[in-house]
Amino acid sequence: MPQKTNLFVANWKMNMSFNTTCNFIAQNHEHLSALAMKCNGTIVLCPSFIALHTLTNFFQHTPIEIGAQNCSAHKNGAYTGEVDATSLHEIGCAYTIIGHSERRLYHGETDEMVVNKMEQLLGHAIQPIVCIGETKQQHEKQQTLAILATQVEPILQKIAEYHTLMHKYKNEITSSEQEFFYATIAYEPVWAIGTGMVPSLDHIKMVFDWLNAKSEQILPGLCRRLRFIYGGSVDEQNASQIMNINGLNGLLIGGASLDFQKFQNIVLSSHG
Ligand code: PGA
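Residues numbered from 1 in each chain as written. Predicted model: local features only at pLDDT ≥ 70, side-chain atom pairs only at ≥ 80, totals over all residues. Heavy atoms only, no water.

Examining the site of the ligand
Taken together, 13 residues surround the ligand, and among them Lys13, His100, Glu188, Gly194 and Ser233 come closest. Between the ligand and His100, the relevant distance is 2.7 Å, taken from an oxygen atom to a side-chain nitrogen or oxygen of the residue. Burial of the ligand by the protein amounts to 95% of the accessible area it has alone, namely 280 Å². The residue makeup of the shell around the ligand, split by class, is four nonpolar, seven polar and two charged. (Near = heavy atom within 4 Å. Polar contact = N/O pair within 3.5 Å; in protein donor to acceptor, adjacent residues only side chain to side chain. Areas by Shrake-Rupley, 256 points an atom, 1.4 Å probe, with all protein chains shown as cover. Nonpolar A, V, L, I, M, F, W, Y, C, P; charged D, E, K, R; others polar.)

Put into structure tokens, the structure is as follows:
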């Protein structure tokens, strides 16, 4: 089945314990599957590592996809506490968020680490959801695009390398490959995350125009293999206006994804 272009990602962060996650799923799994069937995109649930395998098993034969919130930048070895992309692939995890600002801020995740994580994920056919975004101070100093450039350029260059490598070993593009997305770039202004503050629609539009143009410049003709989504205080009131912005293919939803009703309203209001 061709993949839907729009993506609605529920980032549950560390807000739900294992038991709370299981209870949430027990209460909402039928509604979630029904929502995934009727909405105009793919729904990705991102629980904590510990609940991942339970959820990939549970949703195996449904349209719901499961994603991790992080992965190791290393293939394997002596990295205590890390989780490798191989294991994520083995348990059926289809997506992984990397470079989230909370990981950059509290866990020292650098642009270089994000690129290495992406390389691990691409090698295991897991779609990376790469977060980029400027801080409030950078926003006020009008440094948004300069900051985004330093974060996104190495990502796009790595995808270009990966694309060349893939095509060296394949003579023809298969039909499933035509529907293939290399990665999702999530623009999440740091100052908008969990604060209730959302940039103006003009600002978001300017950033997505720039992101699409930058991607076309580094990956000519391959922009259709990327998704561009917005995250940061998405709620039932602002979702549909944000989704109407050209060149934007989905939403990364934190707080509002913890309440099924709110999440459903956001996804359904984004029919556009
Ligand atoms: P928020 O979080 O929707 O609660 O702002 C988004 C995110 O951090 O991914």
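Quick notes on helix H5 (residues 111-122)
Residues three or four positions apart in an α-helix share a direction because the helix packs 3.6 residues into each turn. The end-to-end C-alpha distance of H5 is 16 Å, a good match for the 16 Å that 12 residues give at a rise of 1.5 Å each. When we look at burial in H5, the residues that qualify are Val114, Val115, Lys117, Met118, Gln120, Leu121 and Leu122. (Helix = DSSP H or I, 4+ residues; strand = E, 2+ residues; numbered from the N terminus. Expected span 1.5 Å × (residues − 1). Buried < 20%, exposed > 50% of the residue type's maximum accessible area, 1.4 Å probe, protein only.)

Considering the packing of aromatic side chains
Each aromatic ring pair is summarised here by two numbers: the centre-to-centre distance and the angle between the ring planes. Considering all chains together, one arrives at five aromatic pairs under this definition. Between Tyr187 and Phe208, the aromatic rings sit 6.1 Å apart at their centres with planes inclined by 70 degrees, giving edge-to-face as the arrangement. Residue Tyr187 is found in strand S6 (residues 183-187), and its partner Phe208 is found in helix H9 (residues 201-218); the two are separated by 21 residues along the sequence. The pair formed by Tyr187 and Phe208 is uniform in burial state, with each residue classed as buried. Taken together, the ring pairs connect Tyr187, Phe208 and Tyr230 into an aromatic cluster. Taking the ring centre of Trp191 as reference, the NZ or CZ of Lys136 above it sits at 5.1 Å. One cation-aromatic arrangement involves Arg227 over Phe181; the distance from NZ or CZ to the ring centre is 4.0 Å. (Phe/Tyr/Trp six-rings, centres within 6.5 Å; stacked < 30°, edge-to-face > 60°. Lys NZ or Arg CZ within 6 Å of the ring centre and 35° of its normal.)

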